[in-house]
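Chain residues, written in single-letter form:
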Amino acid sequence: MKMVIFVGSRGKNGRTASASRALLEGFVEAGGEGELVFLPDLNIERCKQCQDDGWGTCRSEGRCSQEDDMPTLIEKIKGADIVVFATPVYFGSLSESTRAFLDRLRRIAWHEKQEGIAGKKALGICVAGGGGGGASECTGELGRILATCRFDVVDMVPARRQNLDLKLEVLKLTGKWLANSI
Ligand SMILES: Cc1cc2nc3c(=O)[nH]c(=O)nc-3n(C[C@H](O)[C@H](O)[C@H](O)COP(=O)(O)O)c2cc1C
């Protein structure tokens, strides 16, 4: 039973990482295993919209023609039972690394022969660590994008600086619940 958590913050000890670790802690306590993957450390190019019609090999072959870390990340998704996207809230929205990753992923996930993504359980976490505004808007946006990727979105968890301690408890319980429901 494996969980992969894609963290869209550079801070290894930041709020988004803490929220991710709380979820993973509950998951591991209930018998699962998993890892955190920090997206800003990786090479994820933006989508180049290769052809004039906006498509490219993502549509014809279900793979991107760019050579970067995307194939490794897609294999991590395919090898997991549950995929988590944890983003800090920037301007009431997703972080840039989370967006670049999902902009590319949704195209690949749409390919008719793509296996191992459609129907996979996914969960989103959005952490607004500043004034606290924008967390619920961010979860709405992230949830829609994950649904476009054809994930089975099991939950979306907004957190803000002011309620982070409470949400860490909720996330730990959510990790246990996920492990017991897979
Ligand atoms: C470019 C930028 C935009 C931000 N926008 C918001 C925001 O809309 N709402 C908010 O509460 N915090 C905002 N913040 C603060 C971050 O959410 C906060 O620093 C958060 O703790 C970052 O996550 P981390 O601790 O995992 O690095 C912003 C920070 C940055 C760098």
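Refer to the structure presented above.
Structure report, in brief. (Residues numbered from 1 in each chain as written. Predicted model: local features only at pLDDT ≥ 70, side-chain atom pairs only at ≥ 80, totals over all residues.)

Digging into helix α1 (residues 15–29)
Every α-helical turn comprises 3.6 residues, leaving residues that sit three or four positions apart pointing alike.
Next, step 1: Its 15 residues give α1 an end-to-end C-alpha distance of 21 Å, which sits within 8% of 21 Å, the value for a rise of 1.5 Å per residue.
Next, step 2: Along α1, 12 of the 15 residues are buried, which leaves the element largely enclosed by surrounding structure.
Next, step 3: Along α1, the residues that are buried comprise Arg-15, Thr-16, Ala-17, Ser-18, Ala-19, Ser-20, Arg-21, Ala-22, Leu-23, Leu-24, Gly-26 and Phe-27.
Next, step 4: Each element contacted by the buried residues of α1 is listed here: β1 (2–7), β2 (33–38), β3 (82–88), β4 (121–128), β5 (152–160) and α6 (164–181). (Helix = DSSP H or I, 4+ residues; strand = E, 2+ residues; numbered from the N terminus. Expected span 1.5 Å × (residues − 1). Buried ≥ 20, exposed ≤ 12 C-beta atoms within 10 Å, placed from the backbone. Contact = placed C-beta atoms within 7 Å.)

A few points about unusual backbone geometry
Leaving glycine out, the prevailing phi sign among residues is negative, and the prevailing peptide bond configuration is trans.
Next, step 1: One non-glycine residue, Gln-49, lies in positive phi territory at about 45°.
Next, step 2: On the secondary structure map, Gln-49 appears in the loop between β2 and α2 (57–60).
Next, step 3: Exposure remark for Gln-49: the 13 C-beta atoms within 10 Å place this residue in the partly exposed category.
Next, step 4: Unusually for a residue other than glycine, Phe-91 sits at a positive phi of about 50°.
Next, step 5: Judged by C-beta crowding, with 10 C-beta atoms within 10 Å, Phe-91 ranks as exposed.

Digging into the packing of α1 against α6
Next, step 1: For the pair α1 and α6, interaxial distance at closest approach is 6 Å and the crossing angle is 35°. For the element pair α1 and α6, the recorded crossing hand is right-handed. Contacts between α1 and α6 involve Arg-15, Ser-18, Ala-19, Ala-22, Leu-23, Leu-24, Glu-25, Gly-26, Phe-27 and Glu-29 on the former and, on the latter, Leu-164, Lys-167, Leu-168, Leu-171, Lys-172, Leu-173, Thr-174, Gly-175, Lys-176, Leu-178 and Ala-179.
Next, step 2: Grouping the amino acids of the contact of α1 with α6 by side-chain chemistry returns 11 nonpolar, four polar and six charged. (Axes fitted to C-alpha atoms, helices over the stretch in contact; angles between N-to-C directions. Left-handed = near helix turned anticlockwise from the far one by under 90°. Nonpolar A, V, L, I, M, F, W, Y, C, P; charged D, E, K, R; others polar.)

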